[in-house]
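# A closer look at the structure
As a plain string of letters, each chain reads:
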Amino acid sequence: MKKLSILFATNKKRNRHVSLLTPPPLPPVSSMGGIFFSIFSAAVFAFSLFFFAAQSEARVKGKCKDCHTMHNSYEGKEMTYGNQTGPFLVLTKGGCIGCHGQNPDGSENIITLGKTTIPQIIHRLDKGDLAGGNYSYVADGYSPDYTKGHNVKGISMQEKPPMDQPPGFLAGVMIPEGEGPAYWPGQNQLDCSGTWGCHGNRKEENSYKAVHGAHHTDDRALDGTTVGKSYRFLYGITGTEHKDWEYLAAPDNHNGYKGDPGHASMNTISYLCGECHARFHPNANLGGSEEVGHAYNSAWRKHPADIAFSTVRGGYAGSEYQE
Ligand code: HEC
Ligand code: HEC
Ligand code: HEC
């Protein structure tokens, strides 16, 4: 608590306003309060209170400087990927792909920095792919095969039409906090997060604003009410998270995705896919017709997702799929 009040004081005293979305000018101070001020001064006081309430049970661990930077230099360390240049919003080191794809040629699927462990989504560790996938298969510069995954901005070039838009897209489908985009402009490449991405609040165009505060949220209880308290920051989706993002997952210790055999919920993993690939998913909000089989007008066959194992093979009694 003591730490918190010091930070507050710093924040209040230097009553300047900087937009959270434009990286603020580098503050002259080198204290932690300075960092705090520079990334946070746009927020209102009440929100600061909220943030600190959450921060005391923060999910990310480690020193601020492991993840945030005062100066936009990387201290000689390669923190970026694909020639991305900062400064990045909220002064994080490297941006989403820089931090989660720190060493595309390396064999670390989870990078440890001090007390922090950072799941990697581009790496070369054999049998080390995490639940969030390994974009190594589609990353430009690494003999990409674009059919092997999403072409995410900053990792791969955008695919040519018609694959510049989500196959099976439907306008204005229901998503948390409102409706999905009315139209998917061909020039909008798929992003990590935000309106044109999978993670975060898809009502926010900006990929950082979309996950605002999520990394600092205590997410022991995943109820889907905020981005931080959603399964893997997939807003509204629930499930159970394996601690190491499924690295060395075991039959009794792995991710669990929420499903709904009735196709009537918005918190399932298939609903998340359906937000963009609406016609593939049988949910009254989305407009698909069947669970498995050929996906709408396409070459793809769907893997069943909303199946209750309790109804097949005696509920798979004794197996990891037992309900
Ligand atoms: C400075 C480093 C850094 C940056 C930048 C960063 N992340 Fe993370 N991210 C982390 C760390 C550390 C974790 C692991 C936290 C934990 O244990 O839950 C994480 C976890 C995640 C997870 C998994 C959450 C879970 O429940 O396991 C997602 C999804 C994610 N980040 C998305 C993003 C997106 C999208 C962006 C860009 C808007 C981003 N990250 C930017 C460091 C970073
Ligand atoms: C393990 C990495 C990591 C560490 C350590 C870390 N942060 Fe962050 N922080 C992030 C990431 C990534 C974001 C941007 C995405 C988000 O908001 O979830 C962020 C966002 C923020 C924000 C803006 C979002 C908000 O909730 O208002 C503030 C303020 C912040 N961090 C302060 C701090 C302070 C102060 C410390 C040290 C006590 C710290 N962070 C340590 C990764 C980290
Ligand atoms: C935010 C929108 C969005 C979400 C959410 C989304 N996708 Fe996609 N998906 C796209 C876009 C855009 C493309 C076409 C470009 C590409 O391949 O990246 C695509 C392409 C695909 C393809 C074809 C890949 C190829 O290149 O041949 C598959 C398969 C796919 N998505 C599956 C999924 C699954 C499974 C989920 C849920 C886990 C999902 N998508 C969630 C936007 C999305």
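Here is a short report on the structure shown in this document. Nothing here was measured: the structure is a model prediction, and the numbers come from that model.

The full set close to ligand 1 counts 24 residues, and Cys67, Thr92, Cys96, Cys99 and Ser193 are the nearest of them. Elements that contribute at least two residues to the shell around ligand 1 include exactly helix H5 (95–100), strand E2 (116–119), strand E5 (191–193) and helix H6 (207–210). Here the shell around ligand 1 takes four residues from H5, the largest share from any one element. Residue classes in the shell around ligand 1 are distributed as ten nonpolar, nine polar and five charged.

Here we come to the site of ligand 3. Around ligand 3 lies a shell of 18 residues, among which His150, Asn151, Pro166, Cys273 and Cys276 are the nearest. Those elements that provide at least two residues to the shell around ligand 3 are strand E6 (197–199) and helix H7 (269–276). Looking at the shell around ligand 3 element by element, the count peaks at four residues for H7. Split by residue class, the shell around ligand 3 holds ten nonpolar, six polar and two charged.

Now for the environment of Gly213. Mapped onto the secondary structure, Gly213 falls in the loop between H6 and strand E7 (239–240). Looking at Gly213, the number of C-beta atoms within 10 Å reads 17, which means it is partly exposed. The spatial distance from the C-alpha of Gly213 to the C-alpha of Val227 is 8.3 Å, given a sequence separation of 14 residues.

Judged by how many residues are buried, H7 sits mostly within the fold: seven of eight residues are covered. Among the residues of H7, those classed as buried are Ile269, Ser270, Tyr271, Leu272, Gly274, Glu275 and Cys276. Those residues of H7 hidden inside the fold are in contact with strand E3 (174–175), E6, E7 and strand E8 (256–257).

We now examine the pairing of E2. Of the pairings in the sheet, the one linking strand E1 (residues 110–113) to E2 comprises four bridges and is antiparallel in character. Along E2, the bridge assignment pairs Ile110 with Pro119. Between the antiparallel neighbours E1 and E2 lie two residues, among them Gly114 with a positive phi of about 60 degrees.

Parameters and conventions
- Residues numbered from 1 in each chain as written.
- Chains lettered and ligands numbered in written order.
- Predicted model: local features only at pLDDT ≥ 70, side-chain atom pairs only at ≥ 80, totals over all residues.
- Near = placed C-beta within 6 Å.
- Helix = DSSP H or I, 4+ residues; strand = E, 2+ residues; numbered from the N terminus.
- Nonpolar A, V, L, I, M, F, W, Y, C, P; charged D, E, K, R; others polar.
- Buried ≥ 20, exposed ≤ 12 C-beta atoms within 10 Å, placed from the backbone.
- Contact = placed C-beta atoms within 7 Å.
- Pairing = 2+ DSSP bridges.

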